[in-house]
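# Descriptive structure summary
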Amino acid sequence: MNTRVLIVITLIIAGLAGWFFKQQGDITPPVNIETSDVDYEATDIKAVQTNEQGETEYELSAESLTHNPVTNKDEMKGITMNWEPSDEQRYRIEAGTAAISQQTGELSLSGGFSLISEGKTANPEVEPIKVTGVTLKGNTKSGQVYSNEPVMVEQGMNRFEASSMKANLETGEYEFGQVAVSFMPADRQDKALF
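These numbers were taken from a predicted model, which means no experiment stands behind them.

It is worth spelling out the overall build of the protein at this point. Helix and strand content of the protein: one helix and twelve strands. Going from N to C terminus, the protein has its helices and strands arranged as α-β-β-β-β-β-β-β-β-β-β-β-β. Looking at the protein as shown, the accessible area adds up to about 13900 Å², and 53% of this sits on carbon and sulfur atoms.

Okay, here's the thing in structure tokens:
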């Protein structure tokens, strides 16, 4: 084949390729990769936090965990926490999301929570207290928790709503604001006294 013919065919192919790419339109902008606010992340977490004496403060399991270096907090989803703030008290906490500072003990639960008291002494006469709500804040080192949003409190057959709650989990003392109770008395039964 003649060299001129090959050069002409090459120029035609190059022209067609140039026209084809021109017709494709603008190329999408390149992907902008920014630095992440996350130091590390993990899934299916099971952890134990101890104090300075090596005693267990709480056990925790979570669906996922990320550490945010800006706030220095561990941010978790789908948590279950077994917390023993004292020798007499034990609690089970479940929440949609949580942020915990390992250094300060600051705790913030959101996405719905439940706090269930599980006394260490097996006393069948004392029903556990269950508090549910939207958000709960507190400190794992001081054993104090609070919610400034409405909570529902249940203990056995007793139930009431409160506009806020404060609790000292080390002593098991609760304080509720603006309590609303529905009381359903038993049906009246007329009986002769004699």
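Resuming the write-up.
This part covers the nonpolar core. In terms of nonpolar packing, the biggest core is built from 28 residues, with Ile79, Trp83, Leu109, Phe113, Leu115, Val131 and Val145 touching the most fellow members. The set of elements that each furnish at least two residues to this core consists of β2 (56–68), β3 (73–83), β4 (91–100), β5 (106–117), β6 (129–133), β9 (151–155) and β11 (164–168). Looking at which element gives the most residues to this core, the answer is β4, with five residues. Once you skip the residues sitting within four places of it in the chain, Leu109 turns out to touch Ile79, Ile93, Ala95, Thr97, Ala98, Val134, Thr135 and Leu136.

What follows covers the environment of Glu175. Checked against the element boundaries, Glu175 lands in strand β12 (residues 173–177). Glu175 sits ten residues away from Met165 along the chain, and the two C-alpha atoms are 5.7 Å apart. Non-local contacts of Glu175, meaning those with residues more than four positions away in its chain, are made with Ser164, Met165 and Lys166.

Procedures and definitions
- Residues numbered from 1 in each chain as written.
- Predicted model: local features only at pLDDT ≥ 70, side-chain atom pairs only at ≥ 80, totals over all residues.
- Heavy atoms only, no water.
- Helix = DSSP H or I, 4+ residues; strand = E, 2+ residues; numbered from the N terminus.
- Areas by Shrake-Rupley, 256 points an atom, 1.4 Å probe, with all protein chains shown as cover.
- Core = buried A, V, L, I, M, F, W, Y, C linked by side-chain atoms within 4.5 Å.
- Buried < 20%, exposed > 50% of the residue type's maximum accessible area, 1.4 Å probe, protein only.
- Contact = heavy atoms within 4.5 Å.

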